[in-house]
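# Structural characterization, general
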Amino acid sequence: FTQPGTKLGEEQESIAKKLICDYIKGAKQSIDVCIYELSEPEIYNAIIEAFNRGINVRFVGDSENMTFSGYIALSNAHIPMVLGNSDKIMHNKFIIIDDILLITGSANFTYTGFYKNNENILFIRNSSIANYYKKEFDNIFYSGKFGTKKTPFEGFLSNTFELEGYPTKVFFTPYYSVQKTDEQIIYYITNAQKSIHFAIFSFTHRDMASNMIKMAKEKGIELKGVFDKYWHTGNVYSVHDWFFDSDLDVVFDGNENVSPHNPYHGGKLHSKFMVIDGKIVITGSLNFSAAGAKDGNDENVILFTDPRIASLYEEEFLKLFNLGYNPIKDAGGDEANEGEVLINEILWAGSKSDSGVIKYEDQFIELKNMTSKRINISGWRIFGLTKKSYRIRLFIFPKGSYLEPNEHVVVCYSTNKTAFYYPKSYVFNQLYLYHSTDQNYVYLELKDPKGKIIDKAGDPNLSPFAGGRGSAFQSMKRIGSNGLLTSSWTSTTTANNYVLHGYKNSTFATPGTD
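This report concerns the structure included in the present document. This one's a predicted model, so the numbers in the text were calculated from it and none came from an experiment. (Residues numbered from 1 in each chain as written. Predicted model: local features only at pLDDT ≥ 70, side-chain atom pairs only at ≥ 80, totals over all residues. Heavy atoms only, no water.)

## Regarding the overall build of the protein
- A count of helices and strands for the protein gives eleven helices and 31 strands.
- In terms of overall size, the protein behaves like a compact globule, its C-alpha atoms giving a radius of gyration of 26 Å where 514 residues would be expected to give roughly 24 Å.
- The 514 residues of the protein split such that 59% are buried.
- Intrachain contacts of the protein at a sequence separation of at least 6 include 69% that bridge at least 24 residues.
- When the accessible area of the protein is evaluated, it comes to approximately 20,800 Å², of which 49% is carbon and sulfur surface.
- With 53 positive and 58 negative side-chain charges, the protein shows a separation of 2 Å between the mean positions of the two kinds. (Helix = DSSP H or I, 4+ residues; strand = E, 2+ residues; numbered from the N terminus. Rg over C-alpha atoms; globule rule 2.2 N^0.38 Å. Buried < 20%, exposed > 50% of the residue type's maximum accessible area, 1.4 Å probe, protein only. Contact = heavy atoms within 4.5 Å. Areas by Shrake-Rupley, 256 points an atom, 1.4 Å probe, with all protein chains shown as cover. Lys, Arg positive; Asp, Glu negative; His and termini not counted. Charge placed at Lys NZ, Arg CZ, Asp CG, Glu CD.)

Encoded structure:
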């Protein structure tokens, strides 16, 4: 496991990188490299040195990554290379040395992979497993086919091996016509007896998520998870919303060791693993996604049943989990009673300028404190049910969010190039309230940190109660106590001072005021 720490300067020397270099330097016959990203000089220089001393070296990579220094160096050294999968990505990260040693896991061979991200890397000395990986390598290398264009190699379904006396399974994707890797993983999820612990960079697979949550809610399985905070909060396909809104024991990772030169480098929980019942480990290059399992990525998954391996992964999981934070439970927000804060106004229509320019995404939700007391709404959330499968939107108010007595707060799509400006606004660029075909209704729930519903608005079975898109775009304004009733809403007919000039005659809304 890599040791990036939690902030800049805390990273430790990479034992994994040193071992990889040492094994490459010690190769006697062959080195087969199948890697998505390669830019660590010590590794690619060791590969080139091995090639120059007569070792049979081959390389398989992703067709879009020829800008990586490692790809360029290997190409310049005339190492045989096959690149592909322009439709998706060749996402594998493995090396086979002398047909007996397999190195695989979640890490790309980059500086951020070894020093800045949380990763897991496996070294497996087993000729049967190594040769099974080599069959996949050969299948790609000799056919030049990647992703959904690949056909299964001979012996593809003979994918169970004995490792130190324990059954070990290997899965390659996609090959979906003969082996559904995601369904194999779901099988182990639904047969859990005690616990499911996961740490994941990218999680978008609906069926995996729903089965995990079902096992926790209906079967009492202990479900704990760690999500990479940057990827999941910035991606509309993420399922973290489901887990957090289900009040499960999940956290965002605590790795803040980001490169000072590039905020997108480092600071990631890039591992992809699951531990079931403290006995089964599922890991590899595969994120929990349809793209990884069936839609075209080249991936590998390895499943261990050795409790000794599981104990190591459990230890790593607990470390990651304890360093993480739950943005709902750990934010320190107040509990409240139903009706103390209301969903007071919803602009689902978008905005329209007086010159006729329409911005459908320019939406907002307004809350109002109905009490005479200050309420800490840190960790409160607005949950929106949607019809579109990947739109399961959840906005969580960050730590330090307050509503003064009778004060309003706005959650908006953007504060840039918008029709509105209200000082107390929170930007949520995944706000998705209405679409005429994908989601022809409005329904929202407001919850406190304990998951208590403080207010509801709209109906998922009916068209929006008010507001509209006509000669003017109008918000729906609260006029009654029960937000589930049509009679509690009306269409706004004026624009207040927080609607900008150039919109006041064509966008009727009153953000920040009654």
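## Some remarks on the sheet that holds strand β9 (residues 195–200)
- The strand order across the open sheet formed by eight strands is β7-β8-β14-β13-β12-β9-β10-β11, and the pairing between neighbours is mixed. Looking at strand neighbours, the two that pair on one side only are β7 (160–163) and β11 (249–252), the edges of this open sheet. Averaged over all neighbouring strand pairs, the angle between strand axes comes to 15°, with direction disregarded.
- Strand direction decides the pairing type here: strand β12 (residues 272–276) and strand β13 (residues 280–284), joined by four bridges, are antiparallel. If you follow isoleucine 276 over to β13, its bridge partner there is isoleucine 280.
- Docked against the sheet, helix α5 (residues 127–143) engages β7, β8 (166–173) and β14 (299–304), running at close to 10° with respect to β8.
- With respect to the sheet, helix α6 (residues 181–190) is in contact with β8, β9, β12, β13 and β14, its orientation differing from that of β8 by roughly 145°. (Pairing = 2+ DSSP bridges. Axes fitted to C-alpha atoms, helices over the stretch in contact; angles between N-to-C directions.)

## Re the sheet that holds strand β24 (residues 425–427)
- The strand order across the open sheet built from six strands is β24-β23-β18-β15-β29-β30, with neighbouring strands paired in mixed fashion. Of all strands in the sheet, those with a lone pairing partner are β24 and β30 (489–491), marking the two edges. Strand-to-strand twist of the sheet, defined as the mean angle between neighbouring strand axes without regard to direction, takes the value 25°.
- Relative to β24, strand β23 (residues 408–412) is paired through three bridges, and the arrangement is parallel. Bridge pairing in β24 places valine 410 opposite serine 425.

## Considering the pairing of strand β15 (residues 341–347)
- For β15, a buried count of seven out of seven residues is recorded, marking the element as mostly surrounded by other parts of the structure.
- Two strands pair when backbone bridges link them, and β15 and strand β18 (residues 364–369) are joined in this way by six bridges, in the antiparallel orientation. Pairing of leucine 347 across the sheet is with phenylalanine 364, part of β18.
- The pairing of β15 with strand β29 (residues 476–478) spans two bridges and is classified as antiparallel. Residue pairing across strands places glutamate 345 opposite lysine 477, the latter belonging to β29.

## Re the side chain of histidine 408
- Here histidine 408 is to be found in strand β23.
- A distance of 3.0 Å separates polar atoms of two side chains, one belonging to histidine 408 and the other to aspartate 514.
- Residues contacting histidine 408, with those up to four places away along its chain left out, are Asn344, Glu366, Leu367, Lys368, Leu403, Tyr422, Lys424, Gly512, Thr513 and Asp514. (Polar contact = N/O pair within 3.5 Å; in protein donor to acceptor, adjacent residues only side chain to side chain.)

## What to know about helix α11 (residues 307–323)
- Over its 17 residues, α11 runs 24 Å from end to end, which matches the ideal 24 Å to within 8%, given 1.5 Å per residue.
- Turning to α11, its buried residues are Ile309, Ala310, Tyr313, Glu314, Glu316, Phe317, Leu320 and Phe321. (Expected span 1.5 Å × (residues − 1).)

## Section: the side chain of serine 378
- For serine 378, the location among the structural elements is in the loop between β19 (375–376) and β20 (381–384).
- At a separation of 3.0 Å, a polar atom in the side chain of serine 378 contacts the main-chain amide nitrogen of serine 401.
- Those residues in contact with serine 378 that lie beyond four places of it in its chain are Ala331, Gly333, Phe397, Pro398, Lys399, Gly400, Ser401 and Pro449.

## Some details on the pattern of salt bridges
- According to the stated counting rule, one finds 25 salt bridges in the structure shown.
- The partner of arginine 381 in a salt bridge is aspartate 245, and the shortest N-O contact between them spans 3.3 Å. Of this pair, arginine 381 sits in strand β20 while aspartate 245 sits in helix α9 (residues 240–245); the two residues are 136 residues apart in sequence, bridging distant segments of the chain.
- According to the relative accessible area criterion, aspartate 245 is buried, its value standing at 11%.
- Across the pair glutamate 340 and lysine 373 runs a salt bridge, and its minimum N-O distance is 3.4 Å. Here glutamate 340 is found in the loop between α11 and β15, whereas its partner lysine 373 is found in the loop between β18 and β19, with 33 residues between them in sequence.
- Given the relative accessible area of 39%, lysine 373 is considered partly exposed.
- Each of the salt bridges in this network shares a partner with another, and the network as a whole consists of Asp245, Asp247, Arg381, Glu445 and Lys447. (Salt bridge = Lys/Arg side-chain N within 4 Å of Asp/Glu carboxyl O.)

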